[in-house]
Amino acid sequence: MEGKIIGLAIGKPKEMAVGKKKSMMTGIVKQPVEKAMLTQYGFLDDGQHDLRHHGGVDRTVCIYPAEHYARWNEQFGIELPPAAFGENLTVTGMLEKDVCIGDVFRIGEAIIQVTEARNPCATIGKRNDLSELFKEVRNTGYTGYLCRTIEVGEICLGDTVECIERPDDLVTIAYCHENILHGHGTEEEMIRILEVESLAERYRFDVETRLINLAMVNEE
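Okay, so let's go over this structure. This one's a predicted model, so the numbers in the text were calculated from it and none came from an experiment. (Residues numbered from 1 in each chain as written. Predicted model: local features only at pLDDT ≥ 70, side-chain atom pairs only at ≥ 80, totals over all residues. Heavy atoms only, no water.)

A few points about the overall build of the protein
So, point 1. When helices and strands are tallied, the protein shows six helices and 13 strands.
So, point 2. The C-alpha atoms of the protein give a radius of gyration of 17 Å, which matches the 17 Å a tight globule of 220 residues would have.
So, point 3. Judged by the C-alpha coordinates and their principal axes, the protein covers about 50 × 45 × 30 Å.
So, point 4. A buried classification covers 49% of the 220 residues belonging to the protein.
So, point 5. Contacts in the protein between residues far apart in sequence, at least 24 positions, make up 73% of those at least 6 positions apart.
So, point 6. Approximately 11100 Å² of the protein is accessible, and the part contributed by carbon and sulfur atoms is 50%.
So, point 7. Distance between charge centroids for the protein: 9 Å, based on 24 positive and 37 negative side chains. (Helix = DSSP H or I, 4+ residues; strand = E, 2+ residues; numbered from the N terminus. Rg over C-alpha atoms; globule rule 2.2 N^0.38 Å. Buried < 20%, exposed > 50% of the residue type's maximum accessible area, 1.4 Å probe, protein only. Contact = heavy atoms within 4.5 Å. Areas by Shrake-Rupley, 256 points an atom, 1.4 Å probe, with all protein chains shown as cover. Lys, Arg positive; Asp, Glu negative; His and termini not counted. Charge placed at Lys NZ, Arg CZ, Asp CG, Glu CD.)

See the structure below:
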């Protein structure tokens, strides 16, 4: 698998207008740049506000497939801004149905590993002043995904994204969404996801919780 970065964006948390009278602090509004330095904790000059639900060493890079933009623009009759979903990297050729938890990618000087199927929040709709967009992102599973830093280094706009390692058990982002985000998973499918060693710890906790609840229901 090989992709290409067509959008690179970073940004610190700041106040964002919500409607006409409200505002909120968020890190979702990011600015396009030509290059950025990726560290073990994320990109320099990038960050999140709600650290309970975002960020951490398992979530240093957010990726969103560029192909989805055309769908949303056509469906809603809009022109979404760059990094509309708060992603750091907008990439071609790397859809959720093709990318697996544990995939390792070389990008420029850096190496990253996919750790989690992104669970989108309502801030996506607020950022784009379109609540229906958030609902559709969840319904379709076109959410993007999160990664950890394996090797630090500079990443540039236009860099190739090369898959240099793939786990034996192929658990795709789409598979995770079908079973976790959309709630269709059986105990067996939950266990399969949990067997992926590179899974982000917070995502692992969520899956374990769902597995316990599912087992309790099945015992009743």
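Comments concerning helix α5 (residues 187–194)
So, point 1. Residues of α5 that are buried include every one of Met190, Ile193 and Leu194, and no others. The buried residues of α5 occupy one face: seen down the axis, they fall within an arc of 100°. (Arc of directions from axis to C-beta.)

So, the environment of Thr115
So, point 1. Locating Thr115 in the fold gives a position in strand β10 (residues 110–117).
So, point 2. Judged by its relative accessible area of 0%, Thr115 is buried.
So, point 3. The contact partners of Thr115, leaving out residues within four places of it in the chain, are Asp58, Ile101, Leu146, Cys147, Arg148, Ser198, Leu199 and Ala200.
So, point 4. At 2.6 Å, the side chain of Thr115 and the backbone oxygen of Asp58 are in polar contact. (Polar contact = N/O pair within 3.5 Å; in protein donor to acceptor, adjacent residues only side chain to side chain.)

Things to note about the pattern of salt bridges
So, point 1. What the rule picks out here adds up to seven salt bridges.
So, point 2. A salt bridge links Asp46 to Lys30, with the nearest nitrogen and oxygen atoms 2.7 Å apart. On the criterion of sequence distance, the pair formed by Asp46 in the loop between β6 (42–43) and β7 (61–65) and Lys30 in the loop between β3 (22–26) and β4 (31–32) is long-range, its members being 16 residues apart. No difference in accessibility class separates Asp46 from Lys30, as the two residues are buried. (Salt bridge = Lys/Arg side-chain N within 4 Å of Asp/Glu carboxyl O.)

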